Amino acid sequence: MRTVVVTDPPRADVGDAEKLGAFGTATVHEALGRVGYLGPDLRPAWPGARTGGTAVTVLSWPGDNLMIHVAVEQCRPGDVLVVATTSPSTDGLFGELFATALAQRGVRGVVLGCGVRDVADLREMGFPAWSRAVSAQGTVKATAGAVNVPIVLGGQLIHPGDVVVGDDDGVMVVPRADVPRALSASQARIDKEAASRAAFQQGELGLDRYGMRDKLPGFGIEYVPYEKWAE
Ligand SMILES: O=C([O-])CC(=O)C(=O)O
Ligand SMILES: [Mg+2]
């Protein structure tokens, strides 16, 4: 691994990132074609955490948060810090002191492929955080890694400057070039779901609304009255 800090990478518009954050993870993920999700293992540290920001990426050694200290200086308002480790680790690399420093810089949250700690403080501060684990396990500052290089987290490739969206459903990444399409497709999806919601409130069934009823025989599904089934 090259121990490098890439400074001032290009990034998506932070206003667009905020809009995608407001749409939420499931909506943007679906809108883009069901891609970009970091998976169900990355959980919010507190319920209700929500964000949309531009990625500052960190590659840290397990049990070592030196590179998070290095990365804080590279963070700009509107960013979200995204931390991967070079091998699996659940150690608590990040807590409220880091969150305090990041909030001061206008950073909108953190996503950790490892552990987080000081969760009660993060909740009280309203600092959004997602992680693979909650762990008090302390860490060292001993080994160099990288900042603002492409990383893989939750099976997704994340470039610095990509948009990261997080809420109670988890985290997803929107590649920078896909942001305009994500915005328009997410709005279209919101509008479509609003119409479906109104129809469901009136009692319409998804089977009819989505034109699935006529296709059921094609799935081989048959309807059997109970008396016949119980024979
Ligand atoms: O300091 C650390 O190692 C992590 C932590 O607990 C904090 O940021 O508050
Ligand atoms: Mg702490």
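Parameters and conventions
- Residues numbered from 1 in each chain as written.
- Chains lettered and ligands numbered in written order.
- Predicted model: local features only at pLDDT ≥ 70, side-chain atom pairs only at ≥ 80, totals over all residues.
- Heavy atoms only, no water.
- UniProt positions renumbered as here; feature names shortened; annotations may be inferred.
- Helix = DSSP H or I, 4+ residues; strand = E, 2+ residues; numbered from the N terminus.
- Buried < 20%, exposed > 50% of the residue type's maximum accessible area, 1.4 Å probe, protein only.
- Contact = heavy atoms within 4.5 Å.
- Phe/Tyr/Trp six-rings, centres within 6.5 Å; stacked < 30°, edge-to-face > 60°.
- Near = heavy atom within 4 Å.
- Polar contact = N/O pair within 3.5 Å; in protein donor to acceptor, adjacent residues only side chain to side chain.
- Areas by Shrake-Rupley, 256 points an atom, 1.4 Å probe, with all protein chains shown as cover.
- Nonpolar A, V, L, I, M, F, W, Y, C, P; charged D, E, K, R; others polar.
- Pairing = 2+ DSSP bridges.
- Core = buried A, V, L, I, M, F, W, Y, C linked by side-chain atoms within 4.5 Å.
- Axes fitted to C-alpha atoms, helices over the stretch in contact; angles between N-to-C directions.
- Parallel < 35°, antiparallel > 145°, perpendicular 65-115°, else oblique.
- Left-handed = near helix turned anticlockwise from the far one by under 90°.
- Patch = residues over 30% accessible without salt bridge, like charges linked within 9 Å, V, L, I, M, F, W, Y side chains within 5 Å.
- Salt bridge = Lys/Arg side-chain N within 4 Å of Asp/Glu carboxyl O.

*Asks:* So what exactly am I meant to see when it comes to the UniProt feature "binding site: Mg(2+)" (unreviewed entry) in the protein chain here?
*Replies:* Here, UniProt's "binding site: Mg(2+)" (unreviewed entry) annotation points to Asp-118. By the element assignment, Asp-118 lies in the loop between strand E5 (110–116) and helix H5 (119–125). The class for Asp-118 is partly exposed, based on a relative accessible area of 31%. Once you skip the residues sitting within four places of it in the chain, Asp-118 turns out to touch Gly-95 and Glu-96.

*Asks:* Before we go on, may I ask you to explain the packing of aromatic side chains in this structure?
*Replies:* The relative placement of two aromatic rings is captured by the distance of their centres and the angle of their planes. In this structure the tally under the stated criterion is three aromatic pairs. Between Phe-94 and Phe-98, the ring centres sit 5.5 Å apart and the planes meet at 20 degrees, which makes this aromatic pair stacked. Here Phe-94 matches Phe-98 in class, with each residue buried. Consider the rings of Phe-94 and Phe-127, whose centres lie 6.2 Å apart with planes at 20 degrees: the pair is stacked. Residue Phe-94 is found in strand E4 (residues 92–94), and its partner Phe-127 is found in the loop between H5 and strand E6 (129–134); the two are separated by 33 residues along the sequence. What makes Phe-94 buried here is its relative accessible area of 0%. With relative accessibility at 3%, the residue Phe-127 sits in the buried group. Aromatic rings pair up to connect Phe-94, Phe-98 and Phe-127 into one cluster.

*Asks:* How should the site of ligand 1 be read in this particular structure?
*Replies:* Near ligand 1 you find Asn-65, Leu-93, Gly-95, Glu-96, Leu-97, Phe-98, Arg-117, Asp-118 and Lys-141, and these make up its full shell. Within the side chain of Arg-117, an N or O atom sits 2.6 Å from an oxygen atom of ligand 1. Considering ligand 1 on its own, with 260 Å² of exposed area, one finds that the protein chains cover 88% of that surface. The dominant element in the shell around ligand 1, judged by the number of residues it contributes, is helix H4 (residues 96–104), at three residues. Of the residues belonging to the shell around ligand 1, the class tally is three nonpolar, two polar and four charged.

*Asks:* How do you make sense of the pairing of strand E10 (residues 163–167) when you look at a structure like this?
*Replies:* In regular strands, side chains alternate between the two faces of the sheet. Here E10 lies mainly inside the structure; five of its five residues are buried. Here E10 shows two buried faces, one formed by Val-163, Val-165 and Asp-167 and the other by Val-164 and Gly-166. Judged from the four bridges that link them, strand E2 (residues 51–60) and E10 form a sheet pairing that is antiparallel. Residue pairing for E10: Gly-53 is matched across the bridge by Val-164. Taking the residues between adjacent antiparallel strands as the criterion, E10 and strand E11 (residues 170–174) are bridged by two residues.

*Asks:* What exactly am I supposed to notice about the nonpolar core here?
*Replies:* Nonpolar side chains in soluble globular proteins generally cluster together in the buried interior. By size, the foremost hydrophobic cluster in this structure holds 44 residues, and its most contacted members are Ile-68, Leu-81, Val-82, Phe-94 and Val-111. Core analysis: the second largest hydrophobic core is formed by 13 residues, Ala-17, Val-28, Met-172 and Val-179 among them.

*Asks:* Teacher, can you tell me more about the packing of helix H1 (residues 14–23) against helix H6 (residues 179–201) here?
*Replies:* The axes of two packed helices give the description: the angle between them and the distance between them. Packing of H1 against H6 leaves a shortest axis separation of 10 Å and a crossing angle of 30 degrees. What the angle tells us is that H1 and H6 run roughly parallel. Read as a crossing pair, H1 and H6 show a hand that is left-handed. Contacts between H1 and H6 involve Asp-16, Lys-19, Leu-20 and Phe-23 on the former and, on the latter, Val-179, Ala-182, Leu-183, Ser-186, Gln-187 and Ile-190. Of the residues belonging to the contact of H1 with H6, the class tally is six nonpolar, two polar and two charged.

*Asks:* What is the right way to read a nonpolar patch on the surface from this model?
*Replies:* A cluster of nonpolar side chains, namely Phe-200, Tyr-210 and Met-212, defines an oily patch on the protein surface of about 280 Å² accessible area. Looking at where Tyr-210 falls in the secondary structure, it is placed in the loop between helix H7 (206–209) and helix H8 (226–229). Its relative accessible area of 43% is what places Tyr-210 among the partly exposed residues.

*Asks:* Would you mind going over the UniProt feature "binding site: substrate" (unreviewed entry) in the protein chain with me for this structure?
*Replies:* The feature "binding site: substrate" (unreviewed entry), as annotated in UniProt, sits at Arg-117 in this numbering. Along the polypeptide, Arg-117 turns up in the loop between E5 and H5. Other than its neighbours up to four places away in sequence, Arg-117 contacts Gly-92, Phe-94, Gly-95, Glu-96, Leu-122, Ser-135, Ala-136, Gln-137 and Gly-138.

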